[in-house]
Amino acid sequence: MLDTTDQQILQFLQKNAKLTIKELAEMLNLTTSPIFERIKRLEKEGVIAGYVALVNPEKTGRGQIVFCNVSMPIYTHENIDAFEQIVQSLPEVVECYHLAGTVDYQLKIHVKDIKEYDGFLRRMAEIPIVKVQSSTVVLHHVKYTTAIPVD
């Protein structure tokens, strides 16, 4: 269970993970020791899973986002495990969700352009256990955040 101070620490760190213990302590009107101990506990408990730099995909030449919906005609544990392992090796796939509904997986793909996505689709066509059902091309972000509500 997260108390108010834990929630505040998480809110601040989700906005700026480069904040120092001293800066957090000042923001929360506490000393550095309890802030340090709380952060270490949140890390140990897995509440804080890690710290990353958020890279702007447009600045790295991977600004085109496409959502790819995939079905698995023969839905077995072996095929599920095999496909999920394959997805791990596809660098264009930044997120993959196993779904309940009309499709089995939704992949979030970052590519340079549609031509590169066409190449990705051709590689997907070589995977016999899945079938691409549809692709949805993103025109622009309306909302993008990695912050999880913690209150």
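Residues numbered from 1 in each chain as written. Predicted model: local features only at pLDDT ≥ 70, side-chain atom pairs only at ≥ 80, totals over all residues. Heavy atoms only, no water.

A. The arrangement of the packing of aromatic side chains in detail. With the rule as written, the count across this model stands at two aromatic pairs. Centre to centre, the rings of Y117 and F120 are 5.8 Å apart; their planes meet at 20°, and the pair counts as stacked. With a gap of three residues between them, Y117 and F120 both fall in helix 5 (residues 114–125), about one helical turn apart. F120 matches Y117 in its accessibility class, with the two residues each being buried. (Phe/Tyr/Trp six-rings, centres within 6.5 Å; stacked < 30°, edge-to-face > 60°. Helix = DSSP H or I, 4+ residues; strand = E, 2+ residues; numbered from the N terminus. Buried < 20%, exposed > 50% of the residue type's maximum accessible area, 1.4 Å probe, protein only.)

B. Structural context of helix 1 (residues 4–15). Taking 1.5 Å of rise per residue, the twelve residues of helix 1 would be expected to cover 16 Å, and the 17 Å separating its terminal C-alpha atoms lies within 8% of that figure. For helix 1, the complete set of buried residues consists of T5, D6, Q7, I9, L10 and L13. In this structure, the buried side of helix 1 is in contact with helix 2 (21–28) and helix 3 (32–44). Where helix 1 begins, the side chain of D3 points an oxygen toward the backbone nitrogen of T5, at a separation of 3.1 Å. (Expected span 1.5 Å × (residues − 1). Contact = heavy atoms within 4.5 Å. Polar contact = N/O pair within 3.5 Å; in protein donor to acceptor, adjacent residues only side chain to side chain.)

C. Quick look at the environment of T60. Position of T60 among the secondary structure elements: in the loop between helix 3 and strand 1 (64–71). For the pair T60 and K112, spaced 52 residues apart in the sequence, the C-alpha separation amounts to 8.8 Å.

D. Structural view of the nonpolar core. One finds V70, F83, L107, I109, F120, M124 and V130 to be the most contacted residues of the largest nonpolar core, which totals 19 residues. It is strand 3 (residues 105–111) that contributes the most residues to this core, four residues altogether. Discounting residues that sit within four places of it in the chain, M124 has contacts with V70, F83, L90, L107, V130 and V132. In terms of nonpolar packing, the next biggest core, distinct from the first, is built from twelve residues, I9, L10, L19 and I39 among them. (Core = buried A, V, L, I, M, F, W, Y, C linked by side-chain atoms within 4.5 Å.)

E. Seen up close, the pattern of salt bridges. A full pass over the atoms with the stated rule returns nine salt bridges. D6 is the partner of R41 in a salt bridge, and the nearest nitrogen-oxygen pair spans 2.8 Å. With R41 in helix 3 and D6 in helix 1, this pair connects stretches of sequence that are 35 residues apart. On the accessibility criterion, D6 (2% relative accessible area) is buried. A salt bridge links E43 to K40, with the shortest nitrogen-to-oxygen separation between them at 3.2 Å. One end of the pair, E43, and the other, K40, are both in helix 3, three residues apart, so they sit about a helical turn from each other. The exposure class assigned to E43 is partly exposed, which follows from its relative accessible area of 25%. In the salt-bridge network here, residues are joined through shared partners; they are D3, D6, R38, R41 and E45. (Salt bridge = Lys/Arg side-chain N within 4 Å of Asp/Glu carboxyl O.)

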